[in-house]
Amino acid sequence: MAEPTPMMRQFLEIKERCKDCILFFRLGDFYEMFFEDAEIASRELELVLTGKDCGLAERAPMCGVPYHAALSYIGRLVSKGHKVAVCEQMEDPALAKGIVKRDIVRIYTPGTVTDEQMLSQKRNNFIAAIFEFRNMYGISAADITTGEMYLTSLTVGSTYNHLANEIARFTPSEIIINAQAQSVHKIKNFASTLGNSYVATLSEDLFDYENGKSHINDIRLNGDAKTSYQQLIKDELAVRACGALISYMEDTQKMHLSNQITATHYKVDEYMAIDAASRRNLEITETLRDKNKKGSLLWVLDKTVTSMGARTLKKWLEQPLIDVDAINDRLDSVAELKDAFILRSELRELLSGVYDMERIAGKITLGTCNARDLVSLRQSAAKLPYIKETLSGCNAPLLKTLCQETDGLEDIWELLDKAIADDPPVLLKEGGLIKKGYNQEVDECREASVNGKTWLTELEAKEREETGIKNLKISFNKVFGYYIEVTKSYLHLVPPHYVRKQTLVNNERYITDELKKMEDTILGAEERLTRLEFEVFCQVREYVLAQADRLRRTASAIARLDALASYAETADRENYCRPDILSGDATEISIKDGRHPVVEKMNASGDFVPNDVLLDCNDNLLLVITGPNMAGKSTYMRQVALMILMAQAGSFVPASEAKMSIVDKLFTRVGASDDLASGQSTFMVEMSEVANILSNATPKSFLILDEIGRGTSTFDGLSIAWSVLEYIAHTLKSRAMFATHYHELTELEGTVPGVKNYCVDVKKKGDDIVFLRKMKRGGADGSYGISVAALAGIPKVVTLRAKEILQQLEEQEDKNSSRKSRAKSKSVQHAESTENQLDLLSFTANSVMQDEIISELKGLDVQSLTPIEALNILYRLHQKAEKRI
Ligand code: ADP
């Protein structure tokens, strides 16, 4: 039987440890890939596939990349969703006895890359871990480059939808999940909607509670350390997710990481809940269709001048707050910065000189920071005292806190200013890192090497003089070191003590004893110098590493400051107002002259028409909005949703006045987008989004529903829209805006409490219509579909014929007694008979439910249940029983 060569045996052993990765196996100056890895890499990277004899029956497919260019190839593979393991030679091949020792030194995965080329500056690169146990979930998300981590759990009564919504908050580029989780398949589908995030299933052991606890001992927790620790340790699900995530990240970096992580343990209801579909629909950070930032809310609001600030602003918009005080803290700061134009300009000017300190701190702790990063840090540190000074006169409490949290880092600036050269190279082993005057030994060594070069020039002149060879030249290459070069025409003048080393076509190369002695001194000094410079650099880096906490705290303060200044800048430039955030039980949302922040910017003519809105949980609970297509209904509803989101994220809003009560959950059912990934039809997607809204909205929620029921036949659609509307008004009591082309629904005002009709004003000019974009009370008086079709350029013959058909249909309808009056009687009847219907329904439902509950109780093996399982079952039964009522 064929026996693999020792090298191949070693490869196979290592490959066994990283089966899910493409293995970059270092062989001399190349990383080689074999077998299936080679086939994938050659396809993805367009590399030539060759083969290698390695003792096996057949040649192993192979391809390779030069070691110095590996990073860009790795980056391409990772961005296509592959994991890459890099295996290095762990000893000098020249000194190795037998086969060179090799080992995996790093695993590159989409969520754990730390290399600048593979990261986007303005967004976090999150990796999330999910631990699922019977409809309960532990969630952790971390960005390895900034050291931040977020932990939470979804306990009894949660569903997969809750999980997906929470994960969507982070848009992770990689998700790890315990292998036995039921949701693996769904999560994979869901991940593809997040811009192809990579999903890895990992063994249950990794999610062990003890493993989690041991990691938690090491991490720093935001908030009061002791209380936070005690609360977190009780949250077993979050602890398990946290442990797995840290273990996984440590495995990729092959280093200890937990002591570099700052974690925030939060409850999901600390932030406004926005489900994944609503996030996409509202185009918060990217557009729905092209996934571009341009055209999104973030695009309008992001006037940050640092990458840290940009990431923070994005996070704020993705996680609007619920706490009135916290929101007002941000708004107070924005108000102060908005009014202080000069201070704001100075501040932003200073901030623009601050580099990405958060990621530099990350690189310092990961040991990947180079001298250029330290120069950036020095330049950033130079700005900090001025930033503190500028802020020192501010009154807003949050600005005062940020001023305190910004450390001047004077010691770090001083050290870096003295020690690190102004324009150092990227590589650390080539010298040029340390400034003159910082370290005596470095200076001496440098002098020796510089002097050596002068000696060489002198020697060259002396040799020319003595031999009479006018073009004699002293040069250097890596093989011979320094040598004397003489062209063929002068060979007769070469003195006997020159030792010939090499003959080329036009010249000969020689060495002399004197030259070799000089070479020893020069090269010795240069080698010592680069070694010494590296050592001194490492000492400086060590010092900064010990201050990493200060760096991180300052970076976080600067990031928030930049985000606040950005809000203020936009508010000033775009003429936004401060929303008045109502506390307590207030339910009012009233906006004067509200505008859509994005549409008004995209609208080149600058004639966006502002509109008011009034919503509350009494008479203005549910606004039914009618009007022709293209009139501006969606824009109007979205602008209200966006302003609610903006206000709770701490931003000013595009209006002249706004009173906002807190919204706990924001839902949108807008447009029709096929969820191709999960193979669902438009109507199915629409209905499952509506289902999600109906089962999760509360009286504090805000919903926008755009033309629901459009995806099915008229009567089906109308009935669904009708009953959904009634359910919202009667049962959910959530504030909602409901755009519809079913004019029948306007009949509900006066019948269903809280319903108010609005329509978009249009002006008729003969057969044409002009959109006035102004909302007014009442229902629209026609659908104008044919006029809009004509506007869109449908040929006249078609629109004329459509008019004829419409007329016929209307006549027919008149004959059969108007649908309107039917609708009205239907509604009244409904109001009167609601109770009877409910009785009948609940009677049937009762008996079915009772049977179900009894049979479930009978089927239980009470002896073998754990307390948590018992609690779970009890909760479910309770829910069923409640639904019956
Ligand atoms: P509908 O939902 O009624 O079909 P849209 O909200 O999609 O209409 O609006 C259609 C277009 O009208 C938008 O693309 C936008 O450019 C423009 N528009 C909407 N509202 C306004 C407004 N208030 N002022 C100016 N233009 C508007």
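You'll find the structure just up there.
Notes on the structure in this doc start here. Along each chain, residue indices are assigned from 1 in the same order as the chain's sequence is written. Where totals are concerned, whole chains, interfaces and linings use all residues; where local detail is concerned, this predicted model gives features only for residues with pLDDT of at least 70, and gives and counts side-chain atom pairs only at 80 or more. Only heavy atoms go into the side-chain values, all of them from the structure, while hydrogens and water stay out.

## Observations regarding the packing of helix α16 (residues 397-405) against helix α20 (residues 548-574)
When two helices pack together, their arrangement is given by the angle between the helix axes and by the axis-to-axis distance.
(1) Moving on: Angles shown run from 0 to 180 degrees and are taken between the N-to-C directions of axes, each axis being a line fitted to C-alpha atoms and, for helices, limited to the stretch in contact. Put simply, DSSP marks the helices as runs of H or I at least four residues long and the strands as runs of E at least two long, and each gets a number from the N terminus on. At their nearest, the axes of α16 and α20 sit 8 Å apart, and the two run at 145° to each other. Relative to α20, the crossing made by α16 is left-handed. From α16, L398, L399, L402 and E405 reach across to α20, where they touch R553, T554, A557, R560, L561 and L564.
(2) Moving on: Split by residue class, the contact of α16 with α20 holds six nonpolar, one polar and three charged. Working rule for handedness: look at the near helix, and if it is turned counterclockwise from the far one by less than a right angle, call the crossing left-handed; if clockwise, right-handed. Any two residues whose heavy atoms approach within 4.5 Å are treated as being in contact. Throughout this entry, Asp, Glu, Lys and Arg are counted as charged residues, while Ala, Val, Leu, Ile, Met, Phe, Trp, Tyr, Cys and Pro are counted as nonpolar. The remaining residues, Gly among them, count as polar.

## Re the pairing of strand β24 (residues 665-669)
(1) Moving on: Partly exposed residues are those whose accessible area sits between 20% and 50% of the maximum for their type, while under 20% is buried and over 50% is exposed, using a 1.4 Å probe and protein chains only. For β24, the buried fraction is high: four of the five residues fall into the buried class.
(2) Moving on: Pairing between strands is defined by DSSP: at least two bridges between them are needed. Here two bridges tie strand β14 (residues 273-274) to β24, and the two strands are oriented parallel to one another. Along β24, the bridge assignment pairs A273 with K665.

## Digging into the sheet that holds strand β8 (residues 136-143)
(1) Moving on: An order of β11-β10-β7-β8-β9-β13-β12 is seen for the seven strands of this open sheet, with the pairing classed as mixed. On the outer flanks of this sheet lie β11 (198-202) and β12 (220-221), each paired with one strand and no other.
(2) Moving on: Sheet topology note: the strand β10 (residues 174-178)/β11 ladder contains five bridges and is parallel. Opposite N178, over in β11, you have L202 as the bridge partner.

## Examining a negative patch on the surface
(1) Moving on: A patch is a set of surface residues, each over 30% in relative accessible area and not in a salt bridge, joined within 9 Å for like charges and within 5 Å for the nonpolar side chains Val, Leu, Ile, Met, Phe, Trp and Tyr. In these tables, accessible area is a Shrake-Rupley quantity obtained with a 1.4 Å probe, and a residue counts as shielded only by the protein chains included in the view. By convention in these notes, a salt bridge is any Lys or Arg side-chain nitrogen within 4 Å of a carboxyl oxygen on Asp or Glu. For the purpose of counting charges, residues Lys and Arg are taken to be positive, whereas Asp and Glu are taken to be negative. His and the chain ends are not included. Where a charge lies is defined by one atom per residue type: Lys uses NZ, Arg uses CZ, Asp uses CG and Glu uses CD. Residues D269, E270, D323, D325 and D329 make up a contiguous surface patch of negative charge.
(2) Moving on: By secondary structure assignment, the location of E270 is in the loop between β13 (262-265) and β14.

## Some words on the site of the ligand
(1) Moving on: Here a residue counts as near a molecule or strand whenever at least one of its heavy atoms sits within 4 Å of it. Close contacts around the ligand come from 14 residues, with V609, M630, K633, S634 and T635 the closest.
(2) Moving on: Within the contact set of the ligand, an oxygen atom lies 2.6 Å away from a backbone nitrogen or oxygen of M630.
(3) Moving on: One of the side-chain nitrogen or oxygen atoms of T635 is found 2.5 Å away from an oxygen atom of the ligand.
(4) Moving on: In isolation the ligand offers 560 Å² of accessible surface; the protein chains occlude 77% of this area.
(5) Moving on: Here the shell around the ligand takes three residues from helix α22 (residues 633-648), the largest share from any one element.
(6) Moving on: Of the residues assigned to the shell around the ligand, the class counts are six nonpolar, five polar and three charged. Any pair of nitrogen or oxygen atoms within 3.5 Å is treated as a polar contact; in protein, a donor-acceptor pairing is required on top of that, and neighbouring residues in sequence qualify only through side-chain atoms on both sides.

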